[in-house]
Amino acid sequence: MKPTIPKGMRDFSPVDMTRRNFILNAICQVYRQHGYRQIETPAMENLSVLEGKYGAEGDTLLYRVLNSGKLPEGPAKIHDLSEKGLRYDLTVPFARYVVMHRNEITFPFKRYQVQPVWRADRPQKGRYREFYQCDADVIGSDSLLNEVEMVQMITEVFTALDIRTELRVNNRKVLAGLAEKLDIPDRFMELTIGLDKLEKAGLEKVMDEWRSRGIPSEALAKLEELLANSRPAGEPGGHLTEFLRGSEPGEKGIGEVQSVLDLSGREGNASLKFDLTLARGLNYYTGMIFEVKCTEKDSQFGGSLLGGGRYDDLTGVFGLPGVSGVGISFGVDRIHDVMTGLGKFDNRAPGTVTRVMFVNFGEAEAGQALGMADRMRLAGIATEVYPDAAKVKKQMSYADANAIPFVALLGSEEIKSGNVKVKDMRSGEQEDMTVQALIEKIRKDGET
RNA sequence: GUGAUUGUAGCUCAGUCGGUUAGAGCGUCAGAUUGUGGAUCUGAAGGUCGCGGGUUCGAAUCCCGUCUUUCACCCCA
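As the structure is a computational prediction, the values presented were derived from the model and not from experiment.

What counts, and at which threshold
Each chain has its residues counted from 1, running along the sequence as written. Chains and ligands are labelled sequentially in the order written, the chains with letters from A and the ligands with numbers from 1. Owing to the predicted nature of the model, reporting of local features is limited to residues with pLDDT of at least 70; listing and counting of side-chain atom pairs is limited to 80 or more, with chain, interface and lining totals taken over all residues. Values reported for side chains reflect all heavy atoms of the structure, with hydrogen atoms and water molecules removed beforehand. Each helix corresponds to a stretch of at least 4 residues labelled H or I by DSSP, and each strand to a stretch of at least 2 residues labelled E; elements are numbered beginning at the N terminus. For a compact globule the rule gives 2.2 Å times the number of residues to the power 0.38, and the radius of gyration it is set against comes from C-alpha atoms. Relative accessibility under 20% of the residue-type maximum defines a buried residue, over 50% an exposed one, and the middle range a partly exposed one, all with a 1.4 Å probe and only protein chains included. All accessible-area figures derive from a Shrake-Rupley calculation using a 1.4 Å probe, and residue coverage is judged against the displayed protein chains alone. His is not counted, nor are the chain ends; Lys and Arg add positive charge and Asp and Glu add negative charge. Where a charge lies is defined by one atom per residue type: Lys uses NZ, Arg uses CZ, Asp uses CG and Glu uses CD. Throughout the structure description, domain borders are defined by an automatic or database domain assignment. In this analysis, rings of Phe, Tyr and Trp, with Trp reduced to its six-membered ring, are considered paired at centre separations within 6.5 Å, and the interplanar angle assigns stacked below 30 degrees, edge-to-face beyond 60, and tilted for intermediate values.

## Quick word on the overall build of chain A
In terms of regular secondary structure, chain A is built from 17 helices and 16 strands. The C-alpha atoms of chain A give a radius of gyration of 28 Å, which is well past the 22 Å a tight globule of 448 residues would have. Taken along its principal axes, the extent of the C-alpha atoms in chain A is 95 × 60 × 45 Å. By residue count, 48% of the 448 residues in chain A fall in the buried class. For chain A, the exposed area adds up to about 22400 Å²; of that, 49% sits on carbon and sulfur atoms. Side-chain charges in chain A split into 59 positive and 65 negative, and the spacing between the mean points of these groups amounts to 3 Å.

See below:
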């Protein structure tokens, strides 16, 4: 039998893991510094929790898990066959968690969560069927300061990771106001989907699509003029504000965007921009929405590295209405791909944590080495003893391949003298010293 | 789901018009060196040519199907 893994899923080798952990550490450290606390939820949720939360498209991308036990005979509906599904994101399971644990939670509740999610999508560049999300949400507070905090955390993370990005923000209320003022409130979906495509497809094609979908020409004319006057701004701008005057959600949305822009510092690697064409497909968002794209010249990856936004009533369907939340979700795998493509790992994320390896010269010597290794570890130094009395050449090669910086040789000569011979694998220099001196040496080396 | 595209050694790739025994580089392992990695030299292992079917005297090569890869649409992290 030839081993294979399912389409869109991947193995993670040691190098990949150190890199992913490097990214995860950077993100989670920022989350913790802002007071977020970690939770986990199960890989599977009941389908009733997942279905209908991600739009019609989302339901088709859900992995449904076949019921165990005997399957019904004859024609069966999907719910006779499956009542559980793999989680599609971390936000909906979180909303479910909040409702189920409402009596133990003190609001506002700030949590972070790092777990894989699954989508039955067609894989392509930067799109996998299994991938990690790294979410932070605060629920039970409608203060805009939470949005500001999201912006700050995003900036801190991309600064720490040393990737230049653009953080685009918009507000669903602005979009709702736009539909209202264009007199097409019932065409909100078509409007936003078109806006979202503008950057990729261009104005002309999008206009054609709107036209063919039956959006009135008066609305399109107004829209065209508005877009021509306000698109590349980075701030809401006078035209848009003027246009939305008189629409309650529109004015409110503009106010929120302005506050977030005003309150967020603009230092760092995520340049903050208002973008009217940012829509976000997930239909539970109701207020501010966020998206991050890489702006490094050498990276041709166009997908988003982060998404997020405010949802006013995600918990409502589970029986807890009126609890508002905001959250963001880092796409760890995409960040990993971008950083690898840019060579950002070349001088970071070491391959091993082992600092020193003892060469094995045979049973008696290895016994001594075992004792010394124990002392090393008690002193907080990650230490290995090579398991076989193989040729020294092979043992050295192992240390080299695993980027272990020091090799300790403890053979009969050294045992006699009470020292170990220590080789620095980077310089090739070696000298005899006591175990205590070795501990000092490695400690000093770790500081530089 | 729609339309393209890819598949030959662990990796990157050659392989002519269909022709007999499918190659290279890198990597791996062993030796040159019985206590010293990276460099060099020598040698070895490693292939159902993605899988199934068809055409043919003969298929890695041509045809069909299928799976997989990558890409676009769609949607998204």
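## Here we look at the domain arrangement of chain A
Here chain A is described as being made up of domain 1 (14-341) and domain 2 (356-443). Taking only C-alpha atoms into account, the centre of domain 1 sits 51 Å from that of domain 2.

## A closer look at the environment of Lys297
Mapped onto the elements, Lys297 comes out in the loop between β9 (288-294) and β10 (304-311). Look at Lys297 and you get exposed, because its relative accessible area is 82%. Residues Lys297 and Leu50, spaced 247 residues apart in sequence, show a C-alpha to C-alpha distance of 38 Å.

## Quick word on the packing of aromatic side chains
Under the criterion given, the structure shown has 11 aromatic pairs. Between Tyr31 and Tyr112, the ring centres sit 5.7 Å apart and the planes meet at 50°, which makes this aromatic pair tilted. A residue pair is termed long-range when its members are at least 10 positions apart, and Tyr31 in helix α1 (residues 14-33) and Tyr112 in strand β5 (residues 109-118) qualify at 81 residues. Comparing Tyr31 with Tyr112 shows no difference in burial state: the two are buried. Taken together, a centroid distance of 5.3 Å and an interplanar angle of 80° make the contact between Tyr386 and Tyr398 edge-to-face. Taken together, the residues span a long stretch of sequence, with Tyr386 in the loop between β13 (383-385) and α15 (392-401) and Tyr398 in helix α15 at a distance of 12 residues.

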